[in-house]
Amino acid sequence: MPRAHPPLDPELAAVLTVVHTQLSPSVTAGDIENLRRHPAFAVADEDLTRNGTVHLQNLSVPGPSGAPKISLLVLIPVGLTAGAPVFYYMHGGGMIIGNHRTGVGGVLNWAVDNGAVVVSVDYRLAPEHPDPAPIEDCYAGLLWTHEHAAEIGGDPERIVVAGVSAGGGLAAGVALLARDRGGPRLLGQVLMCPMLDDRFITPSSRELEGEGIWDATSNTTGWNALLGERRGGDHVSIYAAPARATDLTGLPTTFIDVGSVETFRDEDIDYAARLLQAGVQCELHVWPGGFHGFDGMAPQAALSRTASATRNAWVRRLLIAR
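Model, not experiment: these values are computed from the prediction.

Quick notes on the rules
Residues numbered from 1 in each chain as written. Predicted model: local features only at pLDDT ≥ 70, side-chain atom pairs only at ≥ 80, totals over all residues. Heavy atoms only, no water. Helix = DSSP H or I, 4+ residues; strand = E, 2+ residues; numbered from the N terminus. Patch = residues over 30% accessible without salt bridge, like charges linked within 9 Å, V, L, I, M, F, W, Y side chains within 5 Å. Areas by Shrake-Rupley, 256 points an atom, 1.4 Å probe, with all protein chains shown as cover. Salt bridge = Lys/Arg side-chain N within 4 Å of Asp/Glu carboxyl O. Buried < 20%, exposed > 50% of the residue type's maximum accessible area, 1.4 Å probe, protein only. 1 Å grid on protein atoms, 1.4 Å probe; cavity = no way out; pocket = protein on both sides within 12 Å on 5 of 7 lines; lining within 4 Å. Points joined across faces, edges and corners; volume = space filled by probe spheres on them. Nonpolar A, V, L, I, M, F, W, Y, C, P; charged D, E, K, R; others polar. Phe/Tyr/Trp six-rings, centres within 6.5 Å; stacked < 30°, edge-to-face > 60°. Pairing = 2+ DSSP bridges. Axes fitted to C-alpha atoms, helices over the stretch in contact; angles between N-to-C directions. Core = buried A, V, L, I, M, F, W, Y, C linked by side-chain atoms within 4.5 Å. Contact = heavy atoms within 4.5 Å.

A.B. asks: Teacher, can you tell me more about unusual backbone geometry here?
C.D. replies: Note: most peptide bonds trans; most residues except glycine with negative phi. A cis amide bond links alanine 126 to the next residue, proline 127, at an omega of 5 degrees. If you trace the backbone, proline 127 turns up in the loop between strand S4 (117-122) and helix H5 (133-147). The residue after aspartate 131, namely proline 132, is reached through a cis peptide bond having omega 15 degrees. Phi angles above zero are rare outside glycine, and serine 165 is one such case at about 60 degrees. Its identity is not glycine, yet tryptophan 214 carries a phi of approximately 60 degrees, on the positive side. Residue placement: tryptophan 214 occurs in the loop between helix H7 (204-207) and helix H8 (216-227).

A.B. asks: Please explain a nonpolar patch on the surface as it appears in this structure.
C.D. replies: Judged by side-chain polarity, Ile269, Leu284 and Val286 come together as a nonpolar surface patch covering roughly 180 Å² of accessible area. Along the polypeptide, leucine 284 turns up in strand S8 (residues 282-291). When its relative accessible area of 33% is taken as the criterion, leucine 284 is described as partly exposed.

A.B. asks: Explanation requested: the layout of surface pockets in the structure shown.
C.D. replies: A probe as big as a water molecule, rolled over the atoms, marks out the empty space that is left. In this structure, the second largest pocket encloses a volume near 300 Å³. Contributing to the lining of the second largest pocket are 17 residues, with Arg185, Leu186, Gly250, Leu251 and Pro252 lying nearest its centre. Top element by residues in the lining of the second largest pocket is helix H6 (residues 166-180). It accounts for three residues. Per-class residue counts for the lining of the second largest pocket are eight nonpolar, five polar and four charged.

A.B. asks: Help me understand the packing of aromatic side chains in this model?
C.D. replies: Taken as a whole, this structure holds two aromatic pairs when the rule is applied. A ring pair is formed by phenylalanine 255 and tryptophan 314, whose centres lie 5.6 Å apart and whose planes are at 55 degrees; its orientation type is tilted. Of this pair, phenylalanine 255 sits in strand S7 (residues 254-261) while tryptophan 314 sits in helix H11 (residues 302-321); the two residues are 59 residues apart in sequence, bridging distant segments of the chain. A relative accessible area of 6% places tryptophan 314 in the buried class.

A.B. asks: Explanation requested: the sheet that holds strand S1 (residues 54-61) in the structure shown.
C.D. replies: Sheets are built from strands paired through backbone hydrogen bonds, the pairs being either parallel or antiparallel. The eight strands lie next to each other as S1-S2-S4-S3-S5-S6-S7-S8, forming an open sheet whose pairing is mixed. Two strands bound the open sheet, and with one partner strand each, they are S1 and S8. On average, each strand axis in the sheet is tilted by 20 degrees relative to the strand beside it, whichever way the strands run.

A.B. asks: In this structure, what is going on with the nonpolar core? I would like to understand it.
C.D. replies: Soluble globular proteins tend to pack their nonpolar side chains together in the buried interior. With 73 residues, the main nonpolar core has Tyr88, Met90, Leu142 and Tyr271 as its most contacted residues. Ranked by residues supplied to this core, first place goes to H6 with nine residues. Here leucine 142 is in contact with Tyr88, Ile159, Val161, Val174, Ala178, Pro184 and Leu186, once residues within four sequence places are set aside. Listed in part, the 24 residues of the second largest apolar core include Leu48, Phe255, Trp314 and Val315.

The following block contains the structure:
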């Protein structure tokens with residue numbers, strides 16, 4: 001019998017019915033190969049250059065010590081003033097699918113609206129490359145971005161890390177790594193429905209089975225791919241699963257949002273609360289009736305427009321204040 005959960009927003013529920021004709025709410029290990037071939041991940045250059053108003057660069061930069069180089073996608077609005085803010089972006093996909101073009105359009109909107117650079121990292125995916133490969137790739141890309149910011153028109157002192165879903169968890173992990181390794185001092189972090197906890201200890205981590213987007217089965221698939229037999233045990237780092245961090249002091253000002261009908265709801269609420277208790281400024285939004293990734297799948301829905309506008313407004317305030 002399904003567990004109780006808040007009702008879906010009616011407009012989004014209608015969209016979800018259509019989505020489920022193409023995408024199952026439950027992802028298993030056997031689905032990974034087919035999902036990686038999904039056309040949604042094949043974003044063409046022309047979709048990102050926006051009729052010539054955005055300059056696109058594909059860079060290959062040093063990865064973690066002893067590991068292959070990593071690919072960075074750099075997007076620079078034409079006519080950008082030097083010394084611009086930089087959004088360092090990590091894509092979603094449950095640690096198992098996606099690439100540095102996945103979902104980057106929303107962050108590019110912030111860059112175009114606010115005069116900023118976007119750097120999106122193509123980190124290695126699990127299960128072929130389990131932890132710590134993804135988080136170390138992301139951190140190596142951040143170090144390159146900080147060291148070479150001026151070369152791409154950016155300000156190394158105004159870097160905002162951002163990510164959605166698995167990318168939100170990686171963004172949170174990168175912020176913890178930057179703090180603990182004495183790395184770049186970040187201006188902020190934008191964690192959109194972040195994937196933070198491998199332990200499945202919250203009610204929402206068990207609420208959805210065969211419902212919504214990225215249910216409990218999918219979450220098990222993603223975390224098992226990343227951590228293997230370590231998942232849920234005592235030997236998982238806070239950088240792989242930031243919800244495990246007990247000390248959240250010294251982290252950058254944070255924006256977190258999540259839908260009320262999704263697996264990550266409770267771990268995201270808890271993380272936001274503990275950031276505030278640690279003295280970190282944090283803005284939290286729980287979107288009523290939103291499923292995982294609703295604003296990307298139904299951008300014209302009323303709730304999606306509200307969520308996007310709220311996120312954009314926070315970004316503007318952050319950049320104006322600094």
